[in-house]
Amino acid sequence: MTASPLFSCVDITLDLGGRSILRGISFGVKSGEVMGIIGPNGAGKTSLFEVLSGRISPKAGKVSFAGRDITALPLHKRARLGIGRTYQTPIVPEDMTVAQVLKAARQAYKPYLTPDDSEWGAGLVDFRIPGAMMADRLDTLNRRKLLIACLLMRRPSVLLMDEPAAGLINSEIDELDDIMRVLAKELNIAIVLIEHRMELLDTIADRVLVMDAGETIAEGSFAETLKNPRVKAAYFETESGEGLH
Ligand SMILES: Nc1ncnc2c1ncn2[C@@H]1O[C@H](COP(=O)(O)OP(=O)(O)O)[C@@H](O)[C@H]1O
Ligand SMILES: [Mg+2]
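This write-up is about the structure you can find in this document. Just so it is clear, the model here is predicted, and its values are computed rather than measured. (Residues numbered from 1 in each chain as written. Chains lettered and ligands numbered in written order. Predicted model: local features only at pLDDT ≥ 70, side-chain atom pairs only at ≥ 80, totals over all residues.)

### Overview of the overall build of the protein chain
Next up, step 1: What the protein chain contains, in helices and strands, is 9 helices and 10 strands.
Next up, step 2: Radius of gyration (C-alpha) of the protein chain: 18 Å, near the 18 Å computed for a compact globule of 245 residues.
Next up, step 3: The dimensions of the protein chain, computed from C-alpha atoms along their principal axes, are 50 × 40 × 40 Å.
Next up, step 4: Here the contacts in the protein chain between residues at least 6 apart in sequence split such that 68% fall between residues at least 24 apart. (Helix = DSSP H or I, 4+ residues; strand = E, 2+ residues; numbered from the N terminus. Rg over C-alpha atoms; globule rule 2.2 N^0.38 Å. Contact = placed C-beta atoms within 7 Å.)

Spelled out as structure tokens, the structure:
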């Protein structure tokens, strides 16, 4: 593939509360590609998403989308360009039904979308919950599906997904795997996937970037990076491997 990345960052540096959180993170992801980001807890993965999504400005570095420098654009403007983000914890509004959540997403900003748009988004993630159900009664998988459907109805071209498999059982991860495959390979969305569930990364990620203590310590295929001595040291220094998040 020779296409240039749709979404990229170069030399991202971030300090928070007087501490260095990110140091020189760079990568690019093309349409239809899934790039995994792994690394021990506290490595800075979610902080990187704060920068990529526009919630926090980096100290230095550049974020680009479709050849345009978007480093100074706030979150809502990046969302309108087609950069969607999901969060580690799938928080849904309290006191709203599923149908109300979908409607609110359709009407979040102009152009307002139609019920057909939200049905399309819900269909893509196989979300089959009746509209009258209260959103805060949904289980973790269906919360994630609802929130992803809200993003999909806007036809994003980039998705930043922070640990979408967290809290899911294996059969649910298989379902998520199928959904993500459709998003990347059929809708041609560029996906950046923070994940520690190896079973999902192994099957879905085209490439993996490994972070530790705010830096990139390896990049390549999932199998290659796991053989890298620095990655082994970062990951498997805890006997159970539970340092991996
Ligand atoms: N708002 C903040 N202020 C200060 N430090 C923060 C803030 N948010 C995150 N951190 C710190 O940044 C580091 C990276 O955290 P995070 O990005 O959540 O890592 P990961 O997602 O890889 O587990 C941690 O040491 C965390 O304590
Ligand atoms: Mg995190």
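Continuing now.
### Considering the nonpolar core
Next up, step 1: Ranked by internal contacts, the top residues of the largest apolar core, which has 67 residues, are Leu146, Ala149, Cys150, Val158, Ile191 and Leu193.
Next up, step 2: The greatest single-element share of this core, amounting to 7 residues, is contributed by helix α5 (residues 140-152).
Next up, step 3: Looking at this core, you find at least three residues from each of domain 1 (1-82 + 157-245) and domain 2 (90-155). (Core = buried A, V, L, I, M, F, W, Y, C linked by C-beta atoms within 7 Å. Buried ≥ 20, exposed ≤ 12 C-beta atoms within 10 Å, placed from the backbone. Domains from an automatic or database assignment.)

### Let's talk about the sheet that holds strand β10 (residues 215-220)
Next up, step 1: What the 6 strands build is an open sheet, ordered β6-β7-β8-β3-β9-β10; its pairing is mixed. Looking along the sheet, the strands with just one partner apiece sit at the ends: β6 (83-86) and β10. On average, each strand axis in the sheet is inclined to that of its neighbour by 15°, with strand direction left out of account.
Next up, step 2: Two elements, strand β3 (residues 34-38) and strand β9 (residues 207-212), share 4 bridges in a ladder whose sense is parallel. Residue pairing across strands places Gly36 opposite Val208, the latter belonging to β9.
Next up, step 3: Against the sheet, helix α1 (residues 45-53) touches β3, β6, β7 (158-162), β8 (190-194) and β9, its axis set at about 150° to β7. (Pairing = 2+ DSSP bridges. Axes fitted to C-alpha atoms, helices over the stretch in contact; angles between N-to-C directions.)

### Quick look at the packing of helix α3 (residues 98-106) against α5
Next up, step 1: Two numbers describe how α3 lies on α5: the axes approach to 9 Å, and their chain directions differ by 25°. Overall, the two elements α3 and α5 adopt an arrangement that is roughly parallel. Viewed along their axes, α3 and α5 form a crossing whose handedness is right-handed. Listed contacts from α5 to Val98, Val101, Leu102 and Ala105 of α3 are Leu146, Ala149 and Cys150.
Next up, step 2: Grouping the amino acids of the contact of α3 with α5 by side-chain chemistry returns 7 nonpolar, no polar and no charged. (Parallel < 35°, antiparallel > 145°, perpendicular 65-115°, else oblique. Left-handed = near helix turned anticlockwise from the far one by under 90°. Nonpolar A, V, L, I, M, F, W, Y, C, P; charged D, E, K, R; others polar.)

### Some details on the site of ligand 1
Next up, step 1: Near ligand 1 you find 13 residues, and of these Leu16, Gly17, Lys45, Thr46 and Ser47 are the closest.
Next up, step 2: When residues of the shell around ligand 1 are traced back to their parent elements, those giving at least two are β2 (19-29) and α1.
Next up, step 3: Looking at which element gives the most residues to the shell around ligand 1, the answer is α1, with 3 residues.
Next up, step 4: Looking at the shell around ligand 1 residue by residue, the classes come out as 3 nonpolar, 8 polar and 2 charged. (Near = placed C-beta within 6 Å.)

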